[in-house]
Amino acid sequence: MSDAPAFAELLAHPGVEEVMEQRSRFGFMAFHGGSLEEMTDIIARAAAERADASYYGVHQPKDLQWHLPSTAIDPAVSPALTRFLDHVDVVITIHGFGREGFWATLLLGGQNRDLAAHVGSHLAAALPAYEIATDLDRVPQPLRGLHPRNPVNLPRQGGVQIELPPRVRGQSPIWWDWDGPGLTPHTDALIDALASAARTWDGR
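Cut-off values and rules
Residues numbered from 1 in each chain as written. Predicted model: local features only at pLDDT ≥ 70, side-chain atom pairs only at ≥ 80, totals over all residues. Heavy atoms only, no water. Axes fitted to C-alpha atoms, helices over the stretch in contact; angles between N-to-C directions. Helix = DSSP H or I, 4+ residues; strand = E, 2+ residues; numbered from the N terminus. Left-handed = near helix turned anticlockwise from the far one by under 90°. Contact = heavy atoms within 4.5 Å. Nonpolar A, V, L, I, M, F, W, Y, C, P; charged D, E, K, R; others polar. Phe/Tyr/Trp six-rings, centres within 6.5 Å; stacked < 30°, edge-to-face > 60°. Polar contact = N/O pair within 3.5 Å; in protein donor to acceptor, adjacent residues only side chain to side chain. Parallel < 35°, antiparallel > 145°, perpendicular 65-115°, else oblique. Pairing = 2+ DSSP bridges.

How should I be thinking about the packing of helix H4 (residues 113-126) against helix H5 (residues 185-200) in this particular structure?
Between two packed helices, what matters for the description is the angle formed by their axes and the separation of those axes. It is the contact of H4 with H5, at a shortest axis distance of 9 Å, that shows an interaxial angle of 145°. As for the relative orientation of H4 and H5, their crossing is right-handed in sense. Of H5, the residues touching H4 (which contributes His118, Val119, His122, Leu123 and Ala126) are Ala189, Leu190, Ala193, Leu194, Ser196, Ala197 and Thr200. By residue class, the composition of the contact of H4 with H5 is eight nonpolar, four polar and no charged.

Okay, here's the thing in structure tokens:
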């Protein structure tokens, strides 16, 4: 049974913002953005801007935390998502998670494993305090992003799903006294690494 009607209802909900910014054929996505998986839209959108890449996001308002599975994010009910997926060749989707044993681990799923290795090398260089899990055996099964209906796998070359723990998103207690300016150093380094990976991807 399709969850597409639920996605259509989410998009129509007051305060929900659907954003599509078309630039290069490399894309970033954050469809659990806004108040749901906090900072994911800010990170993905900033990386897209720094890399001159395209961006698609669904941003929920502060009074809404409606989690739909990734397989429910159906382009059949979203002309903006359809245009985005038709335009890009490959994509990185940004998600947030928190799980015991993974507080300092970034999980790289999705079907494009060459891109996962490429992005992982950039992340490892920029974030030496974190484990960058590019081996799917290290990624918990529900977070692997391998389902063919997951939007990360719909572009022509597929993509990589990145699950970010709270610390690298600036959402951990270690950052409670951070007054800026700007994003936390870990988050800014993450965005730079993602943008660098996008700019240097050769489409292999």
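Let's pick the thread back up.
Sorry, what's going on with the packing of aromatic side chains here?
We describe a pair of aromatic rings using the distance from one ring centre to the other and the angle between the two ring planes. Counting across every chain of the model gives four aromatic pairs. Measuring from ring centre to ring centre gives 6.3 Å for Trp175 and Trp178, while their planes differ by 85°; the resulting arrangement is edge-to-face.

What is the right way to read the side chain of Thr187 from this model?
Topologically, Thr187 is positioned in helix H5. Polar contacts involving the side chain of Thr187 include one to the main-chain carbonyl oxygen of Val168, which spans 2.8 Å. A distance of 2.8 Å separates a polar atom in the side chain of Thr187 from a polar atom in the side chain of Thr184. With near-sequence residues (within four places) excluded, Thr187 lies in contact with Met39, Ile43, Val168, Arg169 and Gly170.

Honestly, the packing of helix H2 (residues 40-51) against H5 in this entry has me stumped. Any pointers?
One way to put it is that H2 packs onto H5 with a least axis distance of 8 Å and a crossing angle of 45°. Classified by the interaxial angle, the pair formed by H2 and H5 is oblique. Crossing of H2 over H5 shows right-handed handedness. Between H2 and H5, the residues in contact are Ile43, Ala46, Ala47, Arg50 and Ala51 and Thr187, Asp188, Leu190, Ile191, Asp192, Leu194, Ala195, Ala198 and Arg199, respectively. The class makeup of the residues in the contact of H2 with H5 is nine nonpolar, one polar and four charged.

Teacher, can you tell me more about the sheet that holds strand E2 (residues 26-34) here?
Sheet strands associate in pairs through backbone hydrogen bonding, adopting either a parallel or an antiparallel arrangement. Here we have seven strands laid out as an open sheet, ordered E1-E3-E2-E4-E7-E5-E6, and mixed in their pairing. Strands at the two margins of the open sheet, each flanked by one partner only, are strand E1 (17-21) and strand E6 (131-133). If you compare each strand with its neighbour and ignore which way they point, the axes differ by 15° on average. Taken together, the six bridges between strand E4 (residues 90-96) and strand E7 (residues 159-164) define a ladder with parallel strand orientation. When the sheet's bridge partners are listed, His95 is paired in E7 with Glu163. Here helix H3 (residues 79-87) sits on the sheet in contact with E1, E2, strand E3 (54-60) and E4, set at roughly 150° to E3. H5 contacts E2, E4, strand E5 (105-109) and E7 of the sheet and is inclined by roughly 145° relative to E2.

Purely geometric stuff here, so don't read any function into it on its own.
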